[in-house]
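Commentary on secondary and tertiary structure
The chain contents come next:
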Amino acid sequence: MTLRTSVLSPAPEGSGRGKRGRDRQNLSLRTLRSQFTLVIALLAFLPNLVLTLISSAQLTWVTFLWMLAVALLSTIIGYVLSGALLQPLHRLEVEVGEGDFDQFHRDDPREIRALRKAFGSLLTRLRTEQMRRSAFMATLVHDLKTPLIATGHLTQALTELPLPESERREVGRQIQAETARLLALVQQMADAHRYERDQIRLDCAPTDLRELLDRVARRLTPQAEARQLRLEVCGEGRAEVDAAALERAIGNLTENAVRYARHTVTLQIQGHTVTVQDDGPGLSAPFEELAQPFSAQPTTIAGQQYTAGTAGLGLFIAHRIALAHGGELNYSRTPHAACGPPAASPAAHPDPALYTTFTLVLPEVNP
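Owing to the predicted nature of the structure, the values given are computational and were not obtained by experimental measurement. Position numbers for residues start from 1 in each chain and track the written sequence from start to end. With the structure being a predicted model, the display of local features is reserved for residues of pLDDT at least 70 and the display and counting of side-chain atom pairs for 80 or more, all residues being used for whole-chain, interface and lining totals. Side-chain descriptors were evaluated using all non-hydrogen atoms of the structure, hydrogens and water having been removed beforehand.

What follows concerns the overall build of the chain. Check the secondary structure of the chain and you find nine helices and nine strands. The classification of residues rests on relative accessible area computed with a 1.4 Å probe and restricted to protein chains. Under 20% of the type maximum is buried, over 50% is exposed, and intermediate values are partly exposed. Buried residues in the chain amount to 35% of all 367 residues. The contacts of the chain with a sequence gap of at least 6 include a subset with a gap of at least 24, amounting to 69%. Method for areas: the Shrake-Rupley scheme with a 1.4 Å probe, in which residue coverage is limited to the protein chains shown. For the chain, the accessible surface area stands at approximately 21,800 Å², while carbon and sulfur atoms represent 58% of it. The numbering of helices and of strands both runs from the N terminus, where a helix is a DSSP run of H or I of at least 4 residues and a strand a run of E of at least 2. We call two residues contacting when some pair of their heavy atoms lies within 4.5 Å.

What follows is the structure in structure tokens.
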């Protein structure tokens, strides 16, 4: 990616207009080189002028010519020295125009090195934003298009085919399921966009965390039972939090756990933390890479391929909610910390000692 601006990019060497423009620019006091030249010339000329005026009883043509020669020499020296001082800046100007400014030079002053880092940081942010936009479009094309196409086919079957009443009801339920899936995805994308812009408003109040975890567990119990999972909740605690936002964060983490667990999902309050633990395979990439909105790379989790833009939305939202509460969200692989004994035998797990653990740390939790 090349970063070009009308201010920094020089005109082609063969362009007469560009050359005349540079000449006028060099003669103008609005350029750094002209200003440096003037300052250096004055610093060299003024002391000579003062000494000459003091030592000469009267001004003669010889004295005037001497001062004119000193002024001209001071200007030439100022022009040469200003060019030497600004040479690293001119070199950076050319390299920015060519889009290749990552390499430091030995004679680069500290300020030029800082400019190179700033340009590099800006370019990295631009590239990241461009990749996220591309991933966002991929999400729109794939994840929104798929349920819309399915809904279209189901609606066509419902309106054009002579279906029995039982099949018509089944088609209606499928349409409702696809619509709910579409609305959930749209809501998740909208929340991720809002949280990415730091637009998080919390309405904190004393909250029973055990009751909050029980609500999450009740909502996800049908999904857990469909996968023959044991979903358990333990621990007690109260905290000053936004109950709706925190329930959203823990719900996202628990949904992921139910999706990938093999036998057990555990929600636990312990000290200043709320943990969501499952015996699934864990994350396929570092948490910092996955917990990003509209990730530009597709992700494979537990053998399932997720398109760019969708894999990390739930984790990103949970992470942002934790930060908004003054806490943090951590990921690790830790030993089982369930309320009771593990549901499966050690032989059922490739690594029974380690479980996927998301720890949501809150600033203050009271028993």
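There is more to say, and it comes next.
Here we come to the pairing of strand 4 (residues 264–270). For strand 4, a buried count of six out of seven residues is recorded, marking the element as mostly surrounded by other parts of the structure. Relative to strand 4, strand 2 (residues 230–234) runs parallel, the two sharing five bridges. Looking at strand 4, one finds that Glu232 is bridged to Thr266. In this sheet, strand 5 (residues 273–278) lies alongside strand 4 in antiparallel orientation, the contact comprising six bridges. Each residue of the ladder has a partner; that of Gln268, found in strand 5, is Thr275. Between any two strands, pairing holds if DSSP finds at least two bridges.

Any carboxyl oxygen of Asp or Glu that lies within 4 Å of a side-chain nitrogen of Lys or Arg is treated as forming a salt bridge with it. Under the definition given, this model contains eight salt bridges. With a shortest N-O distance of 3.5 Å, Arg210 and Glu236 are connected by a salt bridge. Within this pair, whereas Arg210 is found in helix 6 (residues 209–226), its partner Glu236 is found in the loop between strand 2 and strand 3 (238–241), the two being separated by 26 residues in sequence. Accessibility expressed as a relative area gives 53% for Glu236, which makes it exposed. Note that Glu255 and Arg219 form a salt bridge whose closest N and O atoms lie 3.3 Å from each other. Here the residue Glu255 occupies a position in helix 7 (residues 243–260), and Arg219 occupies one in helix 6, the gap between them amounting to 36 residues. Judged by relative accessible area, which is 25%, Glu255 ranks as partly exposed. In the salt-bridge network here, residues are joined through shared partners; they are Arg210, Asp214 and Glu236.

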